[in-house]
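Survey of secondary and tertiary structure
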Number of protein chains: 2
Amino acid sequence: MASTLHVNYDNKPCYDILIENDYERFYSVLKDFNLSERKICIVTDSNVAFKTEELVPNIENLCKEVSVFTFPAGEASKNLDTVYELYDFLIKRNFDRNDLLLALGGGVVGDMTGFTASTYLRGIKFIQMPTSLLSQVDSSIGGKTGVDYKGYKNMVGAFYQPSLVYINLSTLKTLPKREYLSGMGEIIKHGFIKDRAYLDWLNDNMDKIKALDLPTLEYMIKRSCEIKQAVVEYDPKETLGERALLNFGHTLGHAIEKCCNFTNLHGECVSIGCVCALKISYAKGYISKEDMEYGILILKKANLPTDIKGISADSVLNATKHDKKMDSNKIKFIILKSLGDAAIDTEITIDDMNESLEGVLL
Amino acid sequence: MASTLHVNYDNKPCYDILIENDYERFYSVLKDFNLSERKICIVTDSNVAFKTEELVPNIENLCKEVSVFTFPAGEASKNLDTVYELYDFLIKRNFDRNDLLLALGGGVVGDMTGFTASTYLRGIKFIQMPTSLLSQVDSSIGGKTGVDYKGYKNMVGAFYQPSLVYINLSTLKTLPKREYLSGMGEIIKHGFIKDRAYLDWLNDNMDKIKALDLPTLEYMIKRSCEIKQAVVEYDPKETLGERALLNFGHTLGHAIEKCCNFTNLHGECVSIGCVCALKISYAKGYISKEDMEYGILILKKANLPTDIKGISADSVLNATKHDKKMDSNKIKFIILKSLGDAAIDTEITIDDMNESLEGVLL
């Protein structure tokens, strides 16, 4: 059981996404990297570090030297201090332009490692080995790397493509249930913005998905990777509008994430943001009430939150203004023209958003 | 009087190099950037800041807002602290993905500004406006950006292309004479590695060059830019060996620069490094004694140093070992097969280098 997707960049083959259930094909693909004279540094966090026990001996057989850099898990580590510690670690071990990094972990590990890889000696190769559902279907694909800076999320970063994205489904079995389900936020979003049939499939298969049924997982992750792949291939640097569609549910989702001080998971906040975006899409006459309710139902089926207590509409709307400033004073709000078809709407006002929060902020 | 070179990246048009003697064409080219809704931050250092007095009012007419970020001149500023100050400056002024930076100054300004541009919000546009001879013919072209890190030169950086390289020859008139002449180190190197006829032209026109004769300068800078352009177009990320040829004179030049604690200018140290590389090329039987002596003569004609007092061969050879470690333990020494034709030689030993330093280190 294994799937491979070939991702292009600028219409040329760039890297593969390899999905399997054990490490068998991974080691054979690693051989193609001609590692015998190269060093690998596995970058991971304190939650995922235990997985290096299995990986290190196997990778050691293929390359010159393996080292492991572990940092404390969590968004609080996604900053330039951690990048510096990694620079120092690499310098100490004489890492040169031919050596490579392997990001083993969730989105924080991938973003931070990718950014370090993009800037160490003007760029060395790196492999994404995402271990959370969220990073497998979202952050590991498309070359967005970066770290937070003085409270600004992803303020410092680079577009820098990995040399391989390797997804091992078995890592999902050790993922905390809540974190696993939060990944469903982005997956259902993929259905919302691009594929009505996939949305129906998710609705029909939610029990198997929640039970981590392997063939179901493989299909789901592959389909979500394909959707993300198609978007980033068309608009790799978010200049054409297409990549912005991935932000469906994120304008208010990000704001809610910030207002609850990151006590809720990203996918959970995106789920709530999707509810608001569905409501706005209905209010603006794009989608029917039934479609809106069907969308919300699927989120609920995945045990994702569709409302939240303890934060005010004012604080949420205020937090969206930061996003706004970052693109010529216009809010590029993503709405659905129909289920499976998203578009940018620059006419959505603060009042529209405020209305959508009614019944969502408890 | 104006010349334009069109630089490709990945076989596609990427940016222009515009060479002129006043700012006339610059302002008309800026109009093509559709600046009316965009902000520009001019990044400059304490030596060059006075030039903003002329620039700011003219650029103000073309864009939404102009600001000036000035930092203390010198290599000591080329670090991540300065990058942070610039991030903070941009965040405070709400710079978004559509705004741009203009690097007004020498190599330090260009490298630091380019790196900031490459990482702020995952990359914003920047214009190189090199004001030193060295940066006009070398560092502003080819997309190498970066800063020093804990004493390691250019350890942190990115390949990131500018949107325009604008060279105003009049800036050379205010450049200190010694700094101007040090730029000749890289220019003569261009002749050494790629163009024997250009080398002869430099030899024949050295008096006019030293007198800053404008038509002579224009031809020289254009020809050097063309040589640099051809190399970086063929090998943009220094992976094919071609771009390594630009390092002629740099293995020992860099080491000497380090050993004299950067009290000599980069171009001056490159000149001394070129002498050693010419001597090694002769000792290895690649070039004749006459060619070696002719090469050294041209460096001398440009008032460039061909020897240096007060540093030991041991310290120089030791300093080259750092470079070495950065590329799989092999020294990629650049030799000349003939004047105008450089090549990589991986068989040059520490002993060979030691011999070449005899008579050079006084």
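The notes below deal with the structure included here. These figures come from a predicted structure and were not determined experimentally.

A few words now on the pairing of strand β9 (residues 164-168) of chain B. Residues and elements named next belong to chain B. Of all five residues making up β9, five are buried, and the element is well covered by its neighbours. Taking every second residue as pointing to the same face, both faces of β9 are buried, with Leu164, Tyr166 and Asn168 on one and Val165 and Ile167 on the other. Relative to β9, strand β2 (residues 12-20) runs parallel, the two sharing five bridges. From the neighbouring strand, isoleucine 17 faces β9, where its bridge partner is valine 165. Both strand β6 (residues 125-130) and β9 contribute to a ladder of two bridges, which runs parallel. In the strand pairing of β9, glutamine 128 is matched with valine 165.

Here we come to the sheet that holds strand β9 (residues 164-168) of chain A. Picture the strands of a sheet paired through backbone hydrogen bonds; they go either parallel or antiparallel. All names here are of chain A. Taken in spatial order, the seven strands of this open sheet run β1-β2-β9-β6-β5-β3-β4, and their pairing is mixed. Strands at the two margins of the open sheet, each flanked by one partner only, are β1 (2-9) and β4 (65-71). Averaged over all adjacent pairs, the angle separating strand axes in this sheet is 20 degrees, with direction ignored. Bridging between strand β3 (residues 39-45) and β4 involves seven bridges; their strand directions are parallel. Across the sheet, isoleucine 40 pairs through a bridge with valine 66, a residue of β4. Most of the contacts of helix α9 (residues 214-234) go to β1, to which it runs at about 5 degrees, and overall it touches β1, β2 (12-20) and β9.

Below, the discussion takes up the pattern of salt bridges. All names here are of chain A. Inspection of every chain in the model, using the stated rule, returns 34 salt bridges over all chains. Between glutamate 293 and lysine 289 there is a salt bridge whose closest N-O contact spans 4.0 Å. With glutamate 293 and lysine 289 both in helix α12 (residues 289-301), this residue pair falls four residues apart, about one helical turn. The partly exposed category is assigned to glutamate 293, whose relative accessible area is 41%. Classification of lysine 289 by relative accessible area gives partly exposed; the value is 41%. Salt bridges linked by common partners bring Asp195, Lys222, Arg223 and Glu226 together as one network.

Moving on, we come to the interface of chain B and chain A. Taken residue by residue, the interface counts 35 residues in chain B and 35 residues in chain A. Here chain B and chain A share an interface that buries about 3,400 Å² over both sides, 49% of which is from carbon and sulfur atoms. Counting across the interface, chain B meets chain A through four salt bridges. Across the contact surface, chain B and chain A share 15 residue pairs in polar contact (both at pLDDT 80 or more). Only α3 (80-92), α4 (107-119), β7 (144-149) and β8 (152-159) of chain B provide two or more residues apiece to the side of chain B that touches chain A. Among the elements that line the side of chain B that touches chain A, the one with the most residues is β8(B), at seven residues. Partitioning the side of chain B that touches chain A into residue classes produces 15 nonpolar, nine polar and eleven charged.

Membership of the largest hydrophobic core comes to 78 residues, with the highest contact counts inside it found for Ile17(B), Tyr180(B), Met184(B), Ile188(B), Phe192(B) and Met220(B). Counting residues per element, this core draws most heavily on helix α12 (residues 266-283) of chain B, at nine residues. Excluding its chain neighbours within four sequence positions, the residues that come into contact with Met184(B) are Leu133(B), Leu202(B), Met206(B), Ile209(B), Met220(B), Ala302(B) and Leu304(B). Core analysis: the next-biggest nonpolar cluster, separate from the first, contains 77 residues, Val7(A), Leu199(A), Ile227(A) and Ile348(A) among them.

The operation relating chain B to chain A is a screw motion whose rotation component is 180 degrees, with 0.0 Å of axial translation and a residual RMSD of 0.0 Å. Taken together, the rotation and translation describe the operation of a two-fold axis. Interface residue correspondence from chain B to chain A reaches 100%, placing this contact among same-surface, isologous pairings.

The next point concerns the side chain of Thr131(B). Note on placement: Thr131(B) falls in the loop between β6 and α5 (133-139). Once residues lying within four places of it in the same chain are set aside, the contact partners of Thr131(B) are Val48(B), Lys51(B), Leu104(B), Gly105(B), Gly106(B), Gln136(B), Thr171(B), Leu172(B) and Leu175(B).

On to unusual backbone geometry. Phi at Asp10(A) is positive, roughly 55 degrees, even though this residue is not glycine. By secondary structure assignment, the location of Asp10(A) is in the loop between β1 and β2. The class for Asp10(A) is partly exposed, based on a relative accessible area of 34%. In the Ramachandran plot, Glu238(B) falls in the positive-phi region, its phi being about 55 degrees despite a non-glycine side chain. Structurally, the position occupied by Glu238(B) is in the loop between α10 (214-234) and α11 (250-259).

A few words now on the packing of α12(B) against helix α15 (residues 350-357) of chain B. Residue and element names in this part refer to chain B. Packing of α12 against α15 leaves a shortest axis separation of 9 Å and a crossing angle of 115 degrees. Two packed elements cross with a definite hand, and for α12 against α15 that hand is right-handed. Across the interface between the two elements, Cys276, Lys279 and Ile280 from α12 touch Asp352, Met353, Glu355, Ser356 and Leu357 from α15. Of the residues that constitute the contact of α12 with α15, the class distribution is four nonpolar, one polar and three charged.

We now examine the packing of aromatic side chains. Enumeration according to the criterion identifies 31 aromatic pairs over all chains in this entry. With 6.1 Å between their ring centres and 15 degrees between their planes, Tyr198(B) and Trp201(B) make a pair best called stacked. Placement of both Tyr198(B) and Trp201(B) in helix α8 (residues 196-204) is noted, with a separation of three residues, approximately one turn of the helix. Looking at Trp201(B), the relative accessible area reads 19%, which means it is buried. Counting every residue linked through ring pairs, the aromatic cluster contains Tyr84(A), Tyr87(A), Tyr120(A), Tyr149(A), Tyr84(B), Tyr87(B), Tyr120(B) and Tyr149(B). Directly above the ring of Phe89(A) sits Arg93(A), whose terminal nitrogen or CZ lies 3.6 Å from the centroid.

A few words now on the side chain of Glu257(B). Residue and element names in this part refer to chain B. Within the secondary structure, glutamate 257 is located in helix α11. Salt bridges are absent for the buried glutamate 257, whose nearest opposite-charge side chain, lysine 153, sits at 4.4 Å. Apart from the residues lying within four places of it in its own chain, the contact partners of glutamate 257 are Lys153, Phe262, Asn264, His266 and Cys269.

As a further point, take helix α11 (residues 266-283) of chain A. Residue and element names in this part refer to chain A. For α11, with 18 residues, the first-to-last C-alpha span of 25 Å sits near the 26 Å given by 1.5 Å per residue. A large share of α11 lies buried, amounting to 15 of its 18 residues. Where α11 terminates, the next one or two residues include glycine 285, which has phi positive at roughly 80 degrees.

Residues and elements named next belong to chain B. Summarising the element assignment, proline 130 is placed in strand β6. Each C-alpha atom of the pair proline 130 and leucine 104 lies 6.0 Å from the other, and the pair is 26 residues apart in sequence. Ignoring any residue separated from it by four or fewer positions in sequence, one finds proline 130 in contact with Ala103, Gly105, Ser135, Gln136, Ser140, Val165, Tyr166, Ile167 and Thr171.

Once that is clear, we can look at the environment of Lys64(A). All names here are of chain A. Topologically, lysine 64 is positioned in the loop between α2 (52-60) and β4. Exposure remark for lysine 64: the relative accessible area of 40% places this residue in the partly exposed category. C-alpha separation for the pair lysine 64 and phenylalanine 89, spaced 25 residues apart in sequence, amounts to 17 Å.

What counts, and at which threshold
Residues numbered from 1 in each chain as written. Chains lettered and ligands numbered in written order. Predicted model: local features only at pLDDT ≥ 70, side-chain atom pairs only at ≥ 80, totals over all residues. Heavy atoms only, no water. Buried < 20%, exposed > 50% of the residue type's maximum accessible area, 1.4 Å probe, protein only. Helix = DSSP H or I, 4+ residues; strand = E, 2+ residues; numbered from the N terminus. Pairing = 2+ DSSP bridges. Axes fitted to C-alpha atoms, helices over the stretch in contact; angles between N-to-C directions. Contact = heavy atoms within 4.5 Å. Salt bridge = Lys/Arg side-chain N within 4 Å of Asp/Glu carboxyl O. Buried area = accessible area lost by both parts, 1.4 Å probe. Polar contact = N/O pair within 3.5 Å; in protein donor to acceptor, adjacent residues only side chain to side chain. Nonpolar A, V, L, I, M, F, W, Y, C, P; charged D, E, K, R; others polar. Core = buried A, V, L, I, M, F, W, Y, C linked by side-chain atoms within 4.5 Å. Least-squares fit on C-alpha atoms with pLDDT ≥ 70 in both. Left-handed = near helix turned anticlockwise from the far one by under 90°. Phe/Tyr/Trp six-rings, centres within 6.5 Å; stacked < 30°, edge-to-face > 60°. Lys NZ or Arg CZ within 6 Å of the ring centre and 35° of its normal. Lys, Arg positive; Asp, Glu negative; His and termini not counted. Expected span 1.5 Å × (residues − 1).

Everything listed here is a matter of coordinates, which is why it stays silent on function.
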